[in-house]
Amino acid sequence: LFALLLGLAVRSGLRPLNEVGERAALIEWGSLTDRFPDSDLPSELKPIVARLNDLIDRLQSSFVREKRFSADLTHELRNPVSAMRSIAEVALKWPDQASDENYEDIKVISGELSDTIESLLTLARLENAKEKLDAKEVRLNQLIESCWEPCEKMAEQRQLALKNSIPDDKKIMTDPKIFQLILANLLSNAVAYSPEGSEIELLEAPDSILTIKNKAPNLAEADLGKMFDRLWRHDLARTDSGHSGLGLSIAKSSADLLSLSLSARLAEGSIYFTLKKV
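The rules behind each value
- Residues numbered from 1 in each chain as written.
- Predicted model: local features only at pLDDT ≥ 70, side-chain atom pairs only at ≥ 80, totals over all residues.
- Heavy atoms only, no water.
- Helix = DSSP H or I, 4+ residues; strand = E, 2+ residues; numbered from the N terminus.
- Buried < 20%, exposed > 50% of the residue type's maximum accessible area, 1.4 Å probe, protein only.
- Contact = heavy atoms within 4.5 Å.
- Patch = residues over 30% accessible without salt bridge, like charges linked within 9 Å, V, L, I, M, F, W, Y side chains within 5 Å.
- Areas by Shrake-Rupley, 256 points an atom, 1.4 Å probe, with all protein chains shown as cover.
- Salt bridge = Lys/Arg side-chain N within 4 Å of Asp/Glu carboxyl O.
- Lys, Arg positive; Asp, Glu negative; His and termini not counted.
- Charge placed at Lys NZ, Arg CZ, Asp CG, Glu CD.
- Axes fitted to C-alpha atoms, helices over the stretch in contact; angles between N-to-C directions.
- Parallel < 35°, antiparallel > 145°, perpendicular 65-115°, else oblique.
- Left-handed = near helix turned anticlockwise from the far one by under 90°.
- Nonpolar A, V, L, I, M, F, W, Y, C, P; charged D, E, K, R; others polar.
- Pairing = 2+ DSSP bridges.

**Some details on the overall build of the protein chain**
Argument step 1. Within the protein chain, the secondary structure is distributed over 8 helices and 7 strands.
Argument step 2. Looking at the protein chain as a whole, 36% of its 278 residues are labelled buried.
Argument step 3. For the protein chain, restricting intrachain contacts to residue pairs at least 6 apart in sequence, the fraction spanning at least 24 positions comes to 69%.

Written out as C-alpha cells, the structure is:
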C-alpha cells in the first residue's frame, strides 16, 4: 500500500513537469507567440517556466528581425537589378539611341550591387566568427590615417575637417585588419552624413580606445536603438543608393569579434560612437 501511494504521489508531482515538457515539444516557428502558463504550477517550476518564456521572447525577436532583414534585403537587391534590366531592355529595343551614359549607369549600379553583396559576405563571416584573429601591437593613428585616406576626397568635397586628438604614441593590441573595418565604416558614415562644412572629431578618454564625434541634427534618441541593425538607414538618407545600410552593422560585428564594445549616444546635436574594451 505504501509503494502504491508513493507511486501515485510521484506521478501527481511530476504531472506539471510532464505538461511543460509536452508543451515545449510543440514549439515551432509558427507558435513563438505562445507562452508557457505559470498559473497552477508548483513554486519550484515557476522560475523554470519564466526562463523558458524569456527564451521564447528572444527567439521571437530574433525571428522577427531576420524576417525584416530578408524583406529589406529583397528590396535592396531588387531595385538595382530592375534598373539594370530596364536600361538593357531600352538599349536592345532602340540600339541607335543607346549612349555611353546607359553603359555608365549600368557600371555604377552594378558596382553598388557588388559592394552590397561584398558587405553582406563580410558581415556573414564576422557574425559566424569565421575571421581568424591575428593580434599585434599597432599605432592607433597609423590605422586612422589608412582608413581616413579613402574618405578624404569626399570630405574635401563636403568641406569637412578632421580633428584628431588621439596621442601619436598611443598603441593598441588588436587585429589590424578587423579593427580597420570598424574605423573605415565609422569614418565613412561620419563623412556621408555630417552636415557640410562641419567637423569630425576623434577623441580619447581614459576608459575608451577612441570616440568619433560628428554633427547629427536629424537623428533622434529613438534612432540609436536601430542604427546597428542590418540595412537600417535614416529616412532622410534612403534616397542615397551609395550606402547600403550595412556599414554600422559591420562595425558592430567587428567590435564583437574583437571583444570590444561599440556604442552610440546623442548630445547637443552630435553623435558619439565610442569604442571600449569589454
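**Focus: helix α8 (residues 247-257)**
Argument step 1. Burial of α8 is extensive: 8 of the 11 residues sit out of reach of the surface.
Argument step 2. Looking only at α8, the buried set comprises Leu248, Ser249, Ile250, Ala251, Ser253, Ser254, Ala255 and Leu257.
Argument step 3. On its buried side, α8 packs onto α3 (100-127), α6 (176-193), β6 (260-267) and β7 (270-277).

**Quick word on a negative patch on the surface**
Argument step 1. Together, Asp100, Glu101, Glu104 and Asp105 make up a region of like negative charge exposed at the surface.
Argument step 2. Looking at the element boundaries, Glu104 is found in helix α3.

**Topic: the packing of helix α4 (residues 140-148) against α6**
Argument step 1. With their axes 9 Å apart at the nearest point, α4 and α6 run at an angle of 50 degrees to one another. Judged by the angle between their axes, α4 and α6 are oblique. Helix-helix and strand crossings are classified by hand; for α4 and α6 the assignment is right-handed. For the pair formed by α4 and α6, the contact residues are Leu140, Leu143, Ile144, Ser146, Cys147 and Trp148 on the first element and Pro176, Phe179, Gln180, Leu183, Ala184, Leu187 and Val191 on the second.
Argument step 2. By residue class, the composition of the contact of α4 with α6 is 11 nonpolar, 2 polar and no charged.

**A word on the sheet that holds β7**
Across a sheet, strands are paired by hydrogen bonds formed along the backbone, either parallel or antiparallel in direction.
Argument step 1. Taken together, the 5 strands give an open sheet; going across it, the order is β2-β4-β5-β7-β6, and neighbouring strands pair in mixed fashion. Across the chains shown, the open sheet's two edge strands, defined by having one partner strand only, are β2 (161-164) and β6. Averaged over neighbouring strand pairs, the angle between their axes works out to 15 degrees when direction is ignored.
Argument step 2. Note that β2 and strand β4 (residues 199-203) share 4 bridges and pair parallel.

**A closer look at a nonpolar patch on the surface**
Argument step 1. On the surface, Leu1, Leu4 and Leu5 cluster together into a nonpolar patch covering about 370 Å² of accessible area.
Argument step 2. Tracing the chain through its elements places Leu1 in the segment before α1 (2-25).

**Some details on unusual backbone geometry**
Argument step 1. Its identity is not glycine, yet Gln159 carries a phi of approximately 55 degrees, on the positive side.
Argument step 2. Positive phi outside glycine occurs at Glu268, with the angle close to 55 degrees.
Argument step 3. As for its position among the elements, Glu268 is in the loop between β6 and β7.
Argument step 4. Owing to a relative accessible area of 79%, Glu268 belongs among the exposed residues under this scheme.

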